[in-house]
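The primary structure of each chain is shown beneath.
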There are 2 protein chains.
Amino acid sequence: MSTAALHQEFARIAGPENVFKDASDLLTYSYDAALLPSQPPGLAVRPTTLEALGQVVRLCNQEGLPLTVRGAGTNLSGGTIPAREGVVVVTTALNRIVEINQEDLYAVVEPGVINARLFAEAQKLGLFYPPDPGSQAVSTLGGNVAENSGGLRGLKYGVTRDYVMGLSFFDTEGQLVKTGSRTVKCATGYNLAGLMVGSEGTLGVFGQIILRLIPPPAASRALLAVFDRVQAASETVAAIIAARITPATLEFLDNFTIRTVEEFSGAGLPTEAAALLLIEVDGHPAQVAEEAQKVQEICRAQGATLVRPAADAAEKERIWTARRAAIPALARLKPSVVLEDATVPRSKVPELVRFINDLAKRYELTIGTFGHAGDGNLHPTIVFDQRDAEQEKRVRQAVEELFDRALALGGTLSGEHGLGLTKTRFLVKEVGKATIAWSRRLKRAMDPKGILNPGKIVGA
Amino acid sequence: MSTAALHQEFARIAGPENVFKDASDLLTYSYDAALLPSQPPGLAVRPTTLEALGQVVRLCNQEGLPLTVRGAGTNLSGGTIPAREGVVVVTTALNRIVEINQEDLYAVVEPGVINARLFAEAQKLGLFYPPDPGSQAVSTLGGNVAENSGGLRGLKYGVTRDYVMGLSFFDTEGQLVKTGSRTVKCATGYNLAGLMVGSEGTLGVFGQIILRLIPPPAASRALLAVFDRVQAASETVAAIIAARITPATLEFLDNFTIRTVEEFSGAGLPTEAAALLLIEVDGHPAQVAEEAQKVQEICRAQGATLVRPAADAAEKERIWTARRAAIPALARLKPSVVLEDATVPRSKVPELVRFINDLAKRYELTIGTFGHAGDGNLHPTIVFDQRDAEQEKRVRQAVEELFDRALALGGTLSGEHGLGLTKTRFLVKEVGKATIAWSRRLKRAMDPKGILNPGKIVGA
């Protein structure tokens, strides 16, 4: 099909107002939040119905056009960077909350619904959607599912995967595949929903998603613990877990991150602290009171210089929002940011923190470390200037050492950001050749022309 | 390879004492707990190391021999019935608990470890492995993972899938594929562990399995609620969920099941009751006290004739064990038993119970209904005599009507028993042709010779 005919066909499917081909429009879809060269697509299309979405997929497959689905583009591993001359399928117009079922505790959503909107709508009905990635105010549920996004509540409530009851997706022929159920238990057919979670758009294009909702906790309490030694803070994390307490949130911020976030947000963080833990316990009021008490005792015993509850809900919200802004805050400092996602078994957090500090010294790099310490999932963030080739080389070497150490500690390359384009080449270190061969065989079978977000996860 | 040479090769791999070819031995491996004609395999082999297991898989693939993995053979959907002249791979000698990690809260096990053994070993260390299928005293964790087994605690604690952090499996070439991690979060590569859970041995053969453990609840209370109307009991289930209480266990037994179980176990169940709910709430002691109180109030308001806490731990254990014995108890009554697994959204339980009673009348069948009502997962169990062809026909028709109704109510064919051989032909009704085509394409790509437990889930 000629380019003109193709454009006409996309316009017929999605409406001419939803087909973008100007260079300035395409630039918008050429990058995401990962530090990678931008790559404008050949075309972007924004279907407004699931039917049109299916037709777009079929057309791309028929024409052999690479297709990258994009929600808000907050991806941190390059998962939404399109292929050259490829098509970006924008999901933002597929933003209907189809159903919130209060009796059976689930929601049915289209992929373009923003995470925070579902949270808010569920909350109005006395229900709770826990997964809260840092990007929750803008990122879409389709993107969350494609990346298996985590968030601040992951420690107690799990990640996106734990809330996907079912979903439908378009195969490369544009046929709708259905998997999972509106029931809390389902052992019917292959767990394709499980496979699709975290598949980064490489196996199919999501239609509707069925997400589990839960009753919200009856009470919660937020605590701030201030440390004058980084190591004491990281050991406190391990001590809280060892005491068999499972906080909803157990976040770590080092001094560099605290100062940067404070400057950005003015939330009132103690900028002189070597490290800070943000802790939230929730559940039954009596349990919350006891756990908050125990957590404070543990923090003090581990050497916290100050432990205090958030003064009120407003202060808690201010501080948590500031923490969620860590990425944009750090990104302001230098032209380039590499935000890593290596994850270790929780007991290894102190060792990982020590290693990261050593890494910063050895490579003479500025690394701000923060993240979901209770999950063993830290985000060491390197701010630098990519235009300095020598500096960039040091960054690359430091990142590779970080991965090696995380794996040596029994960890994994990614806790919640996925592999995308940035970590594909490291995968073999973690899982070995047979796993990659199996994964590629799977990918080829389900996408014979290789049109679905090519290059992501297992490479070309 | 000649049959003699093949036997010799299996003996070389697994040791001659672990290769079974006598008709009497093979009969043992010819059936499971589903009502299907028995099918003796050509040979059974019991590897004692994972290395030998991988070699067995490779040999079977090389020779084009169908291979069915079998743990305890408690499968209720025919998933462990071998192919004619196929090989049964028995996992009972692969029964090592490799590690229980108390700091990072996970266990690494071989597939032949019995569920109750892991539970007990974890308990000794102050940890908790929640999934508790009725068969837990004998069924293996490999089988639990292959079927995504549920259990009595599913309502609050989820099913096997929710505890699989990672696993390795042998592909058809005998190569070890690794997926998931020892970390609580992992977004590295495809979620192949999620795909393998519930795949019924059709995509690979499990090596080691990494299972999440959790801190046990601090307190629990068990309640019995007696009803003189079935409908009142089923409506109580919906009312408890609607009150935003999530009991660990919320089991329903109808009069026929109560009488049968009582006769079998002598546990002290009220045999005159029309229906019985077994309820357990757990968590923080204050929460347990409040929830137990609320649950009792709801039961009374819904018309329970008696609600009482279990007198002590021993009584609770006796009653719960009796409930777990429902299947063998019912199986004693008549030559044939069909135990179904259709599952509906929880609010539809009253409607499903009403439908099952109506079904029993219309088809003049004896149906005992029990199961995980809180999950919408009931087990209507038909006891009859298969030798009576007319009766068997009525059973088949009733089962098909049951599936249709469950689907019409927004439910699913199987909550926890899988499709195996018994429900494969109904799958299209639930998921449609495109899903089956996608699943078959997946299966063919990963098992080109079709040796891995052929015929299960999506048919040949």
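Keep in mind that this is a model prediction, so the values were computed, not measured. (Residues numbered from 1 in each chain as written. Chains lettered and ligands numbered in written order. Predicted model: local features only at pLDDT ≥ 70, side-chain atom pairs only at ≥ 80, totals over all residues. Heavy atoms only, no water.)

Asks: Can you help me understand the overall build of chain A in this one?
Replies: Looking only at helices and strands, chain A has 16 helices and 16 strands in total. Seen along its three principal axes, the alpha-carbon backbone of chain A occupies a region of about 70 × 60 × 45 Å. Within chain A, the fraction of its 460 residues that count as buried is 63%. At a minimum sequence separation of 6, the contacts of chain A that also span at least 24 residues come to 73%. Taken as a whole, chain A presents about 16,100 Å² of accessible surface, with 50% of it coming from carbon and sulfur. Distance between charge centroids for chain A: 3 Å, based on 49 positive and 50 negative side chains. (Helix = DSSP H or I, 4+ residues; strand = E, 2+ residues; numbered from the N terminus. Buried < 20%, exposed > 50% of the residue type's maximum accessible area, 1.4 Å probe, protein only. Contact = heavy atoms within 4.5 Å. Areas by Shrake-Rupley, 256 points an atom, 1.4 Å probe, with all protein chains shown as cover. Lys, Arg positive; Asp, Glu negative; His and termini not counted. Charge placed at Lys NZ, Arg CZ, Asp CG, Glu CD.)

Asks: For this particular structure, what's the right way to read empty space enclosed by the protein?
Replies: One water molecule sets the probe size; rolling that probe over the atoms shows where empty space is left. Under the counting rule described, the total for this entry stands at four cavities of 30 Å³ or more. In this structure, the largest cavity spans a volume of roughly 80 Å³. Forming the walls of the largest cavity are 13 residues, and the residues nearest its centre are Thr188, Gly189 and Tyr190 of chain A together with Val431 and Thr435 of chain B. Among the elements of the structure, strand 8 (176-180) of chain A together with helix 15 (427-431) and helix 16 (433-446) of chain B are those that each provide at least two residues to the lining of the largest cavity. When grouped by side-chain class, the residues that make up the lining of the largest cavity number six nonpolar, six polar and one charged. Considered as a void within the structure, the second largest cavity measures approximately 50 Å³ in volume. In terms of lining, the second largest cavity is formed by Leu427, Val431, Thr435 and Ser439 of chain A together with Lys178, Thr179, Thr188, Gly189, Tyr190 and Leu192 of chain B. Listed by contribution, the elements that provide at least two residues to the lining of the second largest cavity are helix 15 (427-431) and helix 16 (433-446) of chain A together with strand 8 (176-180) of chain B. (1 Å grid on protein atoms, 1.4 Å probe; cavity = no way out; pocket = protein on both sides within 12 Å on 5 of 7 lines; lining within 4 Å. Points joined across faces, edges and corners; volume = space filled by probe spheres on them. Nonpolar A, V, L, I, M, F, W, Y, C, P; charged D, E, K, R; others polar.)

Asks: Whenever I open this one, the pattern of salt bridges confuses me. Can you help?
Replies: Side-chain pairs of opposite charge can arise where the charged atoms are in close proximity. All names here are of chain A. Counting across every chain of the model gives 41 salt bridges over all chains. A salt bridge links glutamate 390 to arginine 394, with the shortest nitrogen-to-oxygen separation between them at 2.8 Å. With glutamate 390 and arginine 394 both in helix 14 (residues 389-408) and four residues apart, this pair spans about one turn of that helix. The partly exposed category is assigned to glutamate 390, whose relative accessible area is 47%. Via salt bridges that share partners, Asp132, Arg153 and Arg324 belong to a single interconnected network. (Salt bridge = Lys/Arg side-chain N within 4 Å of Asp/Glu carboxyl O.)

Asks: I'm lost on the interface of chain A and chain B in this one. Help?
Replies: As a measure of interface size, the accessible area lost when the parts come together is often cited. The interface is formed by 82 residues belonging to chain A together with 82 residues belonging to chain B. Here chain A and chain B share an interface that buries about 6,500 Å² over both sides, 58% of which is from carbon and sulfur atoms. Three residues, Lys185, Tyr190 and Trp438 of chain A, lead the burial of chain A against chain B; their summed loss comes to 15% of the area buried on that side. The interface formed by chain A and chain B contains four salt bridges. (Buried area = accessible area lost by both parts, 1.4 Å probe.)

Asks: Explain helix 4 (residues 115-124) of chain B here, please?
Replies: For the α-helix, the turn length of 3.6 residues means that residues three or four positions removed from each other point alike. Residues and elements named next belong to chain B. Among the residues making up helix 4, those that are buried are Asn115, Leu118, Phe119 and Ala122. When helix 4 is viewed along its axis, its buried side chains cluster within an angular range of 100° and face the same direction. Elements that come into contact with the buried residues of helix 4 comprise strand 5 (97-101), strand 6 (106-109), helix 5 (141-147) and strand 9 (205-212). At the C-terminal side of helix 4, glycine 126 shows a positive phi close to 75°. (Arc of directions from axis to C-beta.)

Asks: Even after reading the chapter, I still don't get the sheet that holds strand 5 (residues 97-101) of chain A, so can you show me in this structure?
Replies: Two orientations exist for strands paired in a sheet by backbone hydrogen bonds: parallel and antiparallel. Residues and elements named next belong to chain A. Here five strands make up an open sheet; going across it, the order is 5-6-9-7-8 and the pairing antiparallel. In the strand order of this sheet, the two ends are held by strand 5 and strand 8, each with one partner. Strand-to-strand, the axes of this sheet are offset by a mean angle of 10°, without reference to chain direction. Bridge count for strand 6 (residues 106-109) against strand 9 (residues 205-212) is four bridges, and the pairing is antiparallel. Each bridged residue has a counterpart across the sheet, and for alanine 107 the counterpart in strand 9 is leucine 211. Along the sheet, helix 3 (residues 50-63) makes contact with strand 7 (164-170) and strand 9, crossing strand 9 at roughly 135°. Sitting on the sheet, helix 4 (residues 115-124) touches strand 5, strand 6 and strand 9, and the angle it makes with strand 5 is about 35°. (Pairing = 2+ DSSP bridges. Axes fitted to C-alpha atoms, helices over the stretch in contact; angles between N-to-C directions.)

Asks: For this particular structure, what's the right way to read the packing of aromatic side chains?
Replies: The geometry of an aromatic ring pair is captured by the separation of the ring centres together with the interplanar angle, meaning the angle of the planes. Considering all chains together, one arrives at twelve aromatic pairs over all chains under this definition. Centroid distance phenylalanine 119 of chain A to phenylalanine 128 of chain A: 6.2 Å. Interplanar angle 75°. Geometry classified as edge-to-face. Note on phenylalanine 403 of chain B and phenylalanine 426 of chain B: the rings are 4.8 Å apart at their centroids and 65° apart in plane angle, and the pair reads as edge-to-face. Placement of phenylalanine 403 of chain B in helix 14 (residues 389-408) and of phenylalanine 426 of chain B in the loop between helix 14 and helix 15 is noted, with a sequence separation of 23 residues between them. Here the aromatic residues Phe119, Phe128 and Tyr157 of chain A are joined through ring pairs into a cluster of three or more. (Phe/Tyr/Trp six-rings, centres within 6.5 Å; stacked < 30°, edge-to-face > 60°.)

Asks: When you look at the nonpolar core in this model, what are you seeing that I'm missing?
Replies: Nonpolar side chains tend to gather and get buried jointly when the protein is soluble and globular. If you look at the biggest cluster of nonpolar residues, it comprises 191 residues, and the most contacted ones within it are Trp438 of chain A together with Trp438 of chain B. Sequence-distant contacts of tryptophan 438 of chain A, defined by excluding residues within four places in its chain, comprise Phe169, Asp171, Val177, Leu192, Leu195, Met196, Leu203 and Met446 of chain B. (Core = buried A, V, L, I, M, F, W, Y, C linked by side-chain atoms within 4.5 Å.)

Asks: I keep staring at the sheet that holds strand 13 (residues 306-309) of chain A and nothing clicks. Help me out?
Replies: Residues and elements named next belong to chain A. Ordered by their spatial adjacency, seven strands build an open sheet running 13-10-12-11-15-16-14, and the pairing between neighbours is antiparallel. Where the open sheet ends on each side, the last strands, each with one partner, are strand 13 and strand 14 (336-339). This sheet shows a mean twist of 15° between the axes of neighbouring strands, independent of strand direction. Bridge analysis of strand 11 (residues 249-254) against strand 15 (residues 366-372) gives two bridges, and the strand direction is antiparallel. The residue of strand 15 that forms the bridge with leucine 253 is phenylalanine 370. Contacts from helix 11 (residues 313-324) reach strand 10 (219-227), strand 11, strand 12 (275-283), strand 13, strand 15 and strand 16 (377-384), with the element oriented near 125° to strand 12.

Asks: Just to check I follow, could you spell out the relation of the copies chain A and chain B for this structure?
Replies: Superposing the two chain copies requires a rotation about an axis and a translation along that axis. When chain A is fitted to chain B, the residual RMSD is 0.0 Å, and the transformation amounts to a turn of 180° plus an axial shift of 0.0 Å. A rotation of that kind, with that shift, is consistent with a two-fold axis. Taken together, the interface assignments show that 100% of the residues at the interface of chain A recur at the interface of chain B, consistent with an identical surface on both copies. (Least-squares fit on C-alpha atoms with pLDDT ≥ 70 in both.)

Asks: Looking at this model, I keep getting lost on the pairing of strand 6 of chain A. Mind explaining?
Replies: The side chains of a regular strand alternate, first on one face of the sheet and then on the other. Residue and element names in this part refer to chain A. Neither face of strand 6 is left uncovered, since the one carrying Tyr106 and Val108 and the one carrying Ala107 and Val109 both have all their residues buried. Here four bridges tie strand 5 to strand 6, and the two strands are oriented antiparallel to one another. Residue pairing in the sheet places isoleucine 97 in a bridge with valine 109 of strand 6.

Asks: How should the environment of asparagine 377 of chain B be read in this particular structure?
Replies: Structurally, asparagine 377 of chain B is set in strand 16 (residues 377-384). In the structure, asparagine 377 of chain B is positioned 37 residues away from glutamate 340 of chain B in sequence and 9.6 Å away in space, judged by C-alpha atoms. If we ignore the near neighbours within four places in the chain, the residues touching asparagine 377 of chain B are Lys185 of chain A together with Asp341, Ala342, Thr343, Gly371, His372, Gly415 and Glu416 of chain B. Within the local environment of asparagine 377 of chain B, its side chain forms a polar contact with the side chain of aspartate 341 of chain B, the two groups lying 3.0 Å apart. (Polar contact = N/O pair within 3.5 Å; in protein donor to acceptor, adjacent residues only side chain to side chain.)

Asks: What exactly am I supposed to notice about the confidence of the model for chain A here?
Replies: Atom-level detail of predicted coordinates should not be read off regions where pLDDT is low. With 100% of its residues at a pLDDT of 70 or more, chain A has an overall mean of 95. For this predicted complex, the interface confidence comes out at an ipTM of 0.96, alongside a pTM of 0.96. (pLDDT = per-residue confidence, 0-100.)

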